[in-house]
Amino acid sequence: MAPGSHLGAPGKREWWRIAYTHEGEVAGMAIPSATPYSVNVGYLGVVPELRGRGYVDEVLAEITRIHAANGETRVTATTDVGNAPMAAAFRRAGYRNTEIRINLSNDLRP
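The paragraphs below set out a description of the structure included in this document. (Residues numbered from 1 in each chain as written. Predicted model: local features only at pLDDT ≥ 70, side-chain atom pairs only at ≥ 80, totals over all residues. Heavy atoms only, no water.)

**Details of the nonpolar core**
As a rule of thumb, nonpolar side chains are buried together in soluble globular proteins.
Right, so step 1: Val41, Leu44, Val56, Leu60, Met86, Phe90 and Tyr95 are the most contacted members of the largest nonpolar core, which has 21 residues in total.
Right, so step 2: Those elements giving two or more residues to this core turn out to be β2 (26–34), β3 (39–46), α1 (55–69) and α2 (84–92).
Right, so step 3: Per-element tally for this core: the top contributor is α1, with six residues.
Right, so step 4: Among all residues touching Phe90, those that are not within four sequence positions of it are Val41, Leu60, Ala77, Thr78, Thr79 and Tyr95. (Core = buried A, V, L, I, M, F, W, Y, C linked by side-chain atoms within 4.5 Å. Buried < 20%, exposed > 50% of the residue type's maximum accessible area, 1.4 Å probe, protein only. Helix = DSSP H or I, 4+ residues; strand = E, 2+ residues; numbered from the N terminus. Contact = heavy atoms within 4.5 Å.)

**Topic: α1**
Right, so step 1: Over its 15 residues, α1 runs 21 Å from end to end, which matches the ideal 21 Å to within 8%, given 1.5 Å per residue.
Right, so step 2: Inspection of α1 places Tyr55, Val56, Val59, Leu60, Ile63, Ile66 and His67 among the buried residues, and these make up the whole buried set. All buried residues of α1 project into a common sector of 135° when viewed along the axis, lining one side. Of the residues in α1, the exposed ones pointing more than 90 degrees away from the buried face are Glu58 and Ala69.
Right, so step 3: Buried residues in α1 make contact with β1 (17–20), β2, β3, β4 (75–76) and α2.
Right, so step 4: Phi for Gly71, located one or two positions after α1, is positive at around 85°. (Expected span 1.5 Å × (residues − 1). Arc of directions from axis to C-beta.)

**Overview of the pattern of salt bridges**
Right, so step 1: Overall, the coordinates contain four salt bridges when judged by the stated rule.
Right, so step 2: A salt bridge links Asp107 to Arg109; the shortest N-O distance between them is 2.7 Å.
Right, so step 3: Overlapping salt bridges, with partners in common, bring together Arg17, Glu62 and Arg65 in one network. (Salt bridge = Lys/Arg side-chain N within 4 Å of Asp/Glu carboxyl O.)

**Topic: the environment of Arg51**
Right, so step 1: With respect to the helices, strands and loops of the structure, Arg51 is situated in the loop between β3 and α1.
Right, so step 2: We classify Arg51 as exposed; its relative accessible area is 54%.
Right, so step 3: A sequence separation of 34 residues divides Arg51 from Pro85, and the C-alpha atoms of the two residues are 9.9 Å apart.

Just geometry here; none of it tells us what the structure is for.
Okay, here's the thing in structure tokens:
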């Protein structure tokens, strides 16, 4: 097992990236990850004041490139059903919807 990883998420910290604008401002972050079954997007984010400028596409592309450079042929990703901007970014990058998971709960209080 790689140092700094654990059985539930065997990704590597060396994969993590900070995204910058051409002017050197922090634009966001890319955290490629893995499960015991596949590599995945893990987490990505664009700082609020820079959203809507295409940085999400660049950050997602970098995560995909990192996994491809490691010889991976399949990268998985998840997002909330209501997160239309992220779902659109996945579609633009060539990701396709393969399943939907619904989490339900019942908060029973006396």
